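The chain contents come next:
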Amino acid sequence: MNFLISESIMKNNEIIQKIIERLKQKPGLILLHHNADIDAVVSAIAFQSAFPEYRIGVFQKISNLSKDLLNYFPEIEILHSPELKRFKTIVILDTSTPILLGMSDDLPKDIIVLDHHMKNDLWGTELYYCDESKTSCAEIIFELLEFIEFPIEPKIAIALLVGILADTGHFKYATSQSFVNFGRLLELSKTSMGNILKILENTKTPEISRRIAHLKGAQRLIFRQVNKYLVAVSRLSSFEASMCRQLMILGADVGFVGAQRNKQLQISGRISTELVDAGVHLGKLFQSIGVELTCEGGGHPGAAGMNGIGDVEMALNVCVKKITEILEEL
Ligand SMILES: [Mn+2]
């Protein structure tokens, strides 16, 4: 037994064995959240390398950054709005709740879910492995491949490295285990750190639509000061998560960006690492606001989101009110 095998995999050995058994039923589909980010896409690429009879699918679209990354993996094909019935097994990666799949079809009962966001009971499947201690889904897939002793090719290692780098925010949210995994993958990748950084750097094309969204978001920005903290809020119809990052760059300690799409609301949020270190967990905050507003909320301590039916203006007000209460206590 490999002594480096993740503790979490060992602790959940029973469920992992069941998942491995279920994966034998082919053909299968690897399903990603809509607007699939880099971590989701590289996780799918690595997963597919070990399970070639699985296709990769997404409802709606993958993110623009992921599209750029796929230039490095021209052989990868992504199915758009795949017909679920065609597949015997469905594996959902990097997706914390069903609504994030962006689809209306009913999911089969025995789907497999592999995730690293906040654990919840919305999936209704027994084959749910969620390791919240991981800063990327890429690490979960890496550990799983190691566990089944699948030989990881350099190109797959590169994909996973890019995923870890992206989801840890260039290691800002990395744990010691992320570094262990990163180091081992770097060795397997037979390439340099510089090259990995370059790949991720090249995927950052701020296309004009994104830059226009940022500038509009800046125009509509409002903020308030709570003790020594700055809370900034804006509204856009797209690129909310990206705008949230811009708010942080501008100096906000907390950023919320909301979008209203017909009856649907979507809110992205971020808080500074200082607030995370002080014990604030934005994912948990969104989860509790979600319960109150009958939306689905969740995510990481520092970056999280919420969506559902409702009025975004009202929901943003609730977010600001709740975070203000927290900040006043600090
Ligand atoms: Mn992820």
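The numbers attached to residues start from 1 for each chain and follow its sequence in the written order. Local features are withheld for residues below a pLDDT of 70 in this predicted model, meaning they are given only at 70 or higher, and side-chain atom pairs are given and counted only at 80 or more; totals for whole chains, interfaces and linings count all residues. Note that water and hydrogens are dropped before the side-chain values are worked out from all heavy atoms of the structure.

What about the domain arrangement of the chain?
Logical step 1: Boundaries of every domain are those given by an automatic assignment or by a domain database. Per the domain assignment, the segments of the chain are domain 1 (7-202) and domain 2 (208-329).
Logical step 2: Averaged C-alpha coordinates put domain 1 and domain 2 at centres separated by 26 Å.
Logical step 3: Every residue pair with non-hydrogen atoms within 4.5 Å of one another is taken to be in contact. Listed per partner, the contact involves 13 residues of domain 1 and 14 residues of domain 2.
Logical step 4: Both sides of the domain 1 and domain 2 interface together cover about 1100 Å² of buried area, and 58% of this is carbon and sulfur.
Logical step 5: Once two parts are joined, some of their accessible surface, as seen by a 1.4 Å probe, is lost; buried area is that loss totalled over both. By the criterion of area lost to domain 2, the three top residues of domain 1 are Ile99, Met118 and Tyr173, representing 50% of everything that side buries.
Logical step 6: Any carboxyl oxygen of Asp or Glu within 4 Å of a side-chain nitrogen of Lys or Arg constitutes a salt bridge here. Linking domain 1 with domain 2 are 0 salt bridges, by the criterion used here.
Logical step 7: Any N or O atom pair separated by 3.5 Å or less is treated as a polar contact, with the protein-specific requirement of one donor-capable and one acceptor-capable atom, and with residues adjacent in sequence counted only for side-chain atom pairs. At the boundary of domain 1 and domain 2, one finds 2 residue pairs in polar contact (both at pLDDT 80 or more).
Logical step 8: All amino acids are sorted into three groups, where Ala, Val, Leu, Ile, Met, Phe, Trp, Tyr, Cys and Pro are nonpolar, Asp, Glu, Lys and Arg are charged, and the leftover types, Gly among them, are polar. Of the residues assigned to the side of domain 1 that touches domain 2, the class counts are 6 nonpolar, 5 polar and 2 charged.

Structural notes on the coordination of the manganese ion
Under perfect tetrahedral coordination by four donors, a metal shows angles of 109.5 degrees; under perfect octahedral coordination by six donors, it shows angles of 90 or 180 degrees.
Logical step 1: Excluding water, the donors of a metal are its N, O and S neighbours within 2.8 Å, or within 3.2 Å for Na, K and Ca, and that exclusion means sites may look incomplete. Those donors, Asp39 (OD), Asp94 (OD), His116 (NE2) and Asp167 (OD), are the protein atoms that reach the manganese ion, and they lie 2.2 to 2.4 Å from it.
Logical step 2: Positions of the donor residues of the manganese ion, expressed as sequence spacing, correspond to D-x54-D-x21-H-x50-D. Here Asp167 lies in helix α6 (residues 154-167) and His116 lies in the loop between β5 (112-115) and β6 (128-130), a separation of 51 residues in the sequence. Secondary structure follows DSSP: runs of H or I at least 4 residues long count as helices, runs of E at least 2 residues long count as strands, and numbering of each begins at the N terminus.

What about the nonpolar core?
Logical step 1: Buried residues of nine kinds, namely Ala, Val, Leu, Ile, Met, Phe, Trp, Tyr and Cys, make up a nonpolar core once their side-chain atoms join them within 4.5 Å. Partly exposed residues are those whose accessible area sits between 20% and 50% of the maximum for their type, while under 20% is buried and over 50% is exposed, using a 1.4 Å probe and protein chains only. Ranked by internal contacts, the top residues of the largest apolar core, which has 56 residues, are Leu32, Phe47, Leu93 and Leu114.
Logical step 2: If you look at the next biggest cluster of nonpolar residues, it comprises 27 residues, including Val226, Phe256, Cys319 and Leu327.

Some remarks on the pattern of salt bridges
Logical step 1: A complete count under the given rule lists 16 salt bridges for this structure.
Logical step 2: Salt-bridge contacts for Lys134 lead to Glu143; the nearest nitrogen and oxygen are separated by 3.4 Å.
Logical step 3: With relative accessibility at 6%, the residue Lys134 sits in the buried group.
Logical step 4: Connected through salt bridges with shared partners, the residues Asp131, Lys134 and Glu143 form a single ionic network.

Describing the sheet that holds strand β4 (residues 89-93)
Logical step 1: Pairing within the open sheet is parallel, and its 6 strands lie in the order β3-β2-β1-β4-β5-β6. Of all the strands in the sheet, just β3 (78-80) and β6 have a single pairing partner and so form its edges. Here the average twist between neighbouring strands, direction ignored, is 25°.
Logical step 2: At least two bridges found by DSSP between two strands are what make those strands a pair. Pairing analysis gives 5 bridges linking strand β1 (residues 28-32) to β4, with the strands arranged parallel. Counted as the bridge partner of Leu29 is Ile90 from β4. Only the stretch in contact is used when fitting a helix axis, every axis being a line fitted to C-alpha atoms; angles between N-to-C directions are given from 0 to 180 degrees.

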